[in-house]
Amino acid sequence: MDRYKICVIKGDGIGPEIADEAIKVLDSVSAKFGFGLDYEYFLMGGAAIDVFGVPLPDDTLNAAKASDAVLFGAIGGPKWDNLDPSIRPEKGLLKIRKELEAFANLRPAIIFDELINASTIKPEIIKGVDVLIVRELTGGLYFGEPRAIGKDKAYNTMVYSRSEIERIAKVAFVAAGKRRGKLCVVDKANVLETSRLWREVVDAMAPSYPDVSVEYMYVDNAAMQLIRNPRQFDVILTENLFGDILSDEASMVCGSIGLLPSASVGSKVGIYEPIHGSAPDIAGQGIANPIAMILSAAMMLRYALGQETAAMAIENAVKAVLKDGYRTKDLASFDAKEICTTSEIGTIISDYIKKA
Ligand code: IPM
Ligand code: MG
């Protein structure tokens, strides 16, 4: 029997609650499809600061590097907001992404037909939306040096090298080739030098991918087009900060930020994480939507473990559960038959998998 070592980082806020549901669902697919998952639990973010005084302890990083995949919930919260920026919870996440060279953040935004009324946008605009945002994750303003804050002046630097752009663009070209063959590069080339280098690099690569058409769009226009006509997009390729912002916007097109999973990949070990944050305001109440986390676990099975059938079993169960009207509170007003707690929806999804 194949066995895989999963480094589980539940994190802060709703992280632990949603991670527990993902594990519940993973247990039912691993039993059903005959592979083994060995979970090892480690701290990161605020939870690690409380115990070790740092957001990413060496133990956590080493375990992540030695695992087959990292399953990560969420980090951060008001409790740690006033700490020195160098040890804020978010630093832990940025460091683990960098250390694992997880430079490609894949954020699929798909509309479930069952939730078509959950979006604030009209159903006829969003029906059939299926966008993959490929967000560069280990460069740009998040990591650029120099950076500093002084008393009256602060600055950050957006830096991208040719090789950083090439490796992420390759991921996007390959993904577009397997999808509808449309790549939209989102940038601010009318203002930023980095964007101009992105265009130069992508233009030079395009002839190697004759089945993929390339289009460029300024980020301000892209923010508008995502709301105006989201179906025009297939794969969106963009730098770190633009991707952060546009993926939250895309989640609202889909109805709830509690639905969108992601995979942060690039090197040996990937991180599988929902796109949302730790939602400290609703933590511990059993009302968080675990679906983004559960779908991130499905992405882990697909990309890290090669367990495609098990990944699809999870995705199909999520669709069936939504179709049958089970909803967490965030989706309560949209064709709900029964409002469920975080744990109930996890159990229902895992029961659907067992019965399917
Ligand atoms: C995300 C989050 C993170 C990011 C934060 C928590 C640092 O917003 O994964 O989208 O900005 O990348
Ligand atoms: Mg974000």
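Please read all numbers here as calculations on a predicted model, not as lab measurements. (Residues numbered from 1 in each chain as written. Chains lettered and ligands numbered in written order. Predicted model: local features only at pLDDT ≥ 70, side-chain atom pairs only at ≥ 80, totals over all residues. Heavy atoms only, no water.)

Student: Can you help me understand the site of ligand 1 in this one?
Tutor: Taken together, Glu90, Arg97, Arg107, Arg135, Tyr142, Asp244 and Ile275 are the residues near ligand 1. In this structure, Arg135 approaches ligand 1 through a side-chain N or O atom, which is 2.8 Å from an oxygen atom. A distance of 2.8 Å separates an oxygen atom of ligand 1 from a polar side-chain atom of Asp244. Protein contacts shield 79% of the accessible area of ligand 1, which totals 320 Å² for the unbound molecule. When grouped by side-chain class, the residues that make up the shell around ligand 1 number two nonpolar, no polar and five charged. Two domains share the shell around ligand 1, each providing at least three of its residues, namely domain 1 (1–105 + 257–356) and domain 2 (130–253). (Near = heavy atom within 4 Å. Polar contact = N/O pair within 3.5 Å; in protein donor to acceptor, adjacent residues only side chain to side chain. Areas by Shrake-Rupley, 256 points an atom, 1.4 Å probe, with all protein chains shown as cover. Nonpolar A, V, L, I, M, F, W, Y, C, P; charged D, E, K, R; others polar. Domains from an automatic or database assignment.)

Student: In this structure, what is going on with the sheet that holds strand 3 (residues 69–74)? I would like to understand it.
Tutor: Within a sheet, adjacent strands bond to each other through the backbone by hydrogen bonds, running parallel or antiparallel. Read across the open sheet, the 10 strands follow the order 2-1-3-12-11-4-5-10-8-9; overall the sheet is mixed. The open sheet has two edge strands, strand 2 (36–41) and strand 9 (213–218), and neither has a second partner. Of the pairings in the sheet, the one linking strand 11 (residues 263–265) to strand 12 (residues 271–272) comprises two bridges and is antiparallel in character. Residue pairing across strands places Ala263 opposite Tyr272, the latter belonging to strand 12. (Pairing = 2+ DSSP bridges. Helix = DSSP H or I, 4+ residues; strand = E, 2+ residues; numbered from the N terminus.)

Student: I keep staring at the UniProt feature "binding site: Mg(2+)" (unreviewed entry) in the chain and nothing clicks. Help me out?
Tutor: With numbering matched to this structure, UniProt assigns "binding site: Mg(2+)" (unreviewed entry) to Asp220, Asp244 and Asp248. Structurally, Asp244 can be placed in helix 9 (residues 240–254). Since its relative accessible area comes to 25%, Asp244 is described here as partly exposed. In this structure, Asp244 is in contact with Arg107, Arg135 and Tyr142, ignoring residues within four places of it in sequence. A polar atom in the side chain of Asp244 sits 3.1 Å from the side chain of Tyr142. Counting through the fold element by element, Asp248 comes out in helix 9. Judged by relative accessible area, Asp248 falls into the partly exposed class, the value being 34%. Residues in contact with Asp248, not counting those within four places in the same chain, are Ile257 and Ile275. (UniProt positions renumbered as here; feature names shortened; annotations may be inferred. Buried < 20%, exposed > 50% of the residue type's maximum accessible area, 1.4 Å probe, protein only. Contact = heavy atoms within 4.5 Å.)

Student: What is the right way to read the packing of helix 6 (residues 162–178) against helix 7 (residues 193–205) from this model?
Tutor: When two helices pack together, their arrangement is given by the angle between their axes and by how far apart the axes lie. Two elements in contact, helix 6 and helix 7, have axes separated by 10 Å at closest approach and are oriented at 50°. Put simply, helix 6 runs oblique to helix 7. For the crossing formed where helix 6 meets helix 7, the hand is right-handed. From helix 6, Arg162, Ile165, Glu166, Ile168, Ala169, Lys170 and Phe173 reach across to helix 7, where they touch Leu197, Trp198, Glu200, Val201, Val202 and Met205. For the contact of helix 6 with helix 7, the per-class residue count stands at nine nonpolar, no polar and four charged. (Axes fitted to C-alpha atoms, helices over the stretch in contact; angles between N-to-C directions. Parallel < 35°, antiparallel > 145°, perpendicular 65-115°, else oblique. Left-handed = near helix turned anticlockwise from the far one by under 90°.)

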